[in-house]
Each structure stands twice: as C-alpha cells, then as structure tokens.
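So the chains spell out like this:
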Amino acid sequence: MADLVETAINAGNFNTLVKAATAVNLIEILKSPGSFTLFAPTDEAFANLIEGTLDSLLKDIPKLQKIVAYHIVSGDVRSDDLLEINEAETLEGSIVAIESADGKIKVNSANILKTDILTDNGVIHIIDAVLMPAMVAGR
C-alpha cells in the first residue's frame with residue numbers, strides 16, 4: 001500500500017492539492033508514519049474557487065499553509081467514525097464540522113464524494129470543495 005501522498009498522486013485528480021501541499025512543506029507530514037485523515041479536494045474543487053484565488057494563494061504561503069493544514073486531521077478517522085462525531089480538530093488548529101444525514105456526510109459545506117481510501121499512514125476522503133478556515137475566509 002502507498003502513503004497518503006503516493007495514493008493522491010496515483011489517483012490523478014489531486015494534482016492541485018499535491019502542488020499546494022508541496023508549496024507549503026506539508027508533504028513530509030503526509031508522508032510520515034503517523035496516522036492522518038485527509039479531506040482531499042479534487043482538482044475540480046480547486047478549479048471552482050473564484051478566479052484568481054488559487055494563484056493568489058500560491059503567492060501567500062502562510063495563508064495557503066493554513067488552508068492545506070485545515071484539510072488534515074490527526075488519526076485514522078473512517079466513515080463509520082464520521083457518522084459518530086460532529087466535529088474534528090485539524091492540523092491548522094481549528095475545527096471542521098462533520099454532518100451526516102440521509103446517508104451522506106459533509107465536512108463544513110463540502111460533500112464527501114468517496115470515503116475510506118486506505119493508505120499506509122491514514123485514510124483519504126474525497127470532497128467536492130476546498131475547505132477554508134474561518135480566520136482565512138474572514139480576511
């Protein structure tokens with residue numbers, strides 16, 4: 001089995017996420033032996049950001065680092081765990097809201113499209129939007 005980064009690269013639809021994680025030096029954490037949960041926005045989710053947002057974020061590394069870290073939770077949080085909790089603390093330091101209803105799970109306002117992609121050092125859940133921590137979104 002591959003680690004979180006190798007799994008994301010091999011999937012082929014997380015190029016922007018991998019590029020952002022590389023730019024902010026979070027790749028090492030995602031390759032480390034610890035156990036992590038990655039809420040992974042697809043390339044399409046990044047493309048749906050307001051035009052120019054991604055380019056400006058790639059030039060503002062501290063802000064981009066907060067955003068990427070906001071998609072990572074310590075520990076192996078699987079779909080059955082997500083059904084039991086209503087929030088999770090991110091590596092960025094703030095909380096994401098977890099909501100489940102009608103067999104669907106949301107993280108903040110993002111829908112989880114696919115759950116439980118297992119890797120050597122954690123699990124990936126594919127989401128349809130880029131999550132923004134409040135302190136970044138409020139600026």
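By convention here, each chain's residues receive numbers from 1 onward along its written sequence. The predicted nature of this model means local features are confined to residues of pLDDT at least 70 and side-chain atom pairs, given and counted, to a pLDDT of 80 or more, with totals for whole chains, interfaces and linings taken over all residues. Each side-chain value is worked out from all heavy atoms of the structure, with water and hydrogens disregarded.

Caption draft 1: A look at the pattern of salt bridges. Take a side-chain nitrogen of Lys or Arg and a carboxyl oxygen of Asp or Glu: if they are within 4 Å of each other, that pair is a salt bridge. As enumerated under the stated definition, the model contains three salt bridges in all. Its salt-bridge partner being Asp3, residue Lys31 comes within 3.0 Å of it at the nearest N-O pair. Of this pair, Lys31 sits in helix α3 (residues 27-31) while Asp3 sits in the segment before α1 (4-11), placing them 28 residues apart in sequence. Classification of Lys31 as partly exposed rests on a relative accessible area of 35%. Only protein chains enter the accessibility calculation, which uses a 1.4 Å probe; a residue whose area is less than 20% of its type maximum is buried, one above 50% is exposed, and one in between is partly exposed. Using a relative accessible area of 9% as the deciding quantity, one classes Asp3 as buried. Runs of E in the DSSP output that reach at least two residues are strands. Runs of H or I that reach at least four are helices, and both are numbered from the N terminus.

Caption draft 2: Quick look at the sheet that holds strand β5 (residues 104-107). In space, the seven strands of this open sheet follow the order β2-β1-β7-β6-β5-β4-β3, with mixed pairing throughout. Edge positions in the open sheet fall to β2 (72-74) and β3 (87-89), since each of these has one partner strand only. Sheet twist, expressed as the mean angle between neighbouring strand axes with direction ignored, is 30 degrees. At least two DSSP bridges between two strands are required for those strands to pair. Taken together, the three bridges between β3 and strand β4 (residues 95-101) define a ladder with antiparallel strand orientation. By the bridge assignment, Ala88 is partnered in β4 with Val96. Axis definition: a line fitted to C-alpha atoms, over the contacting stretch in the case of helices. Angles run 0 to 180 degrees between N-to-C directions.

Caption draft 3: Molecular detail of the pairing of β5. Going residue by residue along β5, you find Ile105 and Val107 tucked away on one face and Lys104 and Lys106 left uncovered on the opposite face. By the bridge criterion, four bridges tie β4 to β5 in an arrangement that is antiparallel. Residue pairing across strands places Ile98 opposite Val107, the latter belonging to β5. Where β4 folds back on β5, the antiparallel hairpin that results is connected by two residues, among which Asp102 adopts a positive phi of roughly 55 degrees. Connecting the antiparallel pair β5 and strand β6 (residues 110-119) is a turn made up of two residues, with Asn108 showing a positive phi of about 50 degrees.

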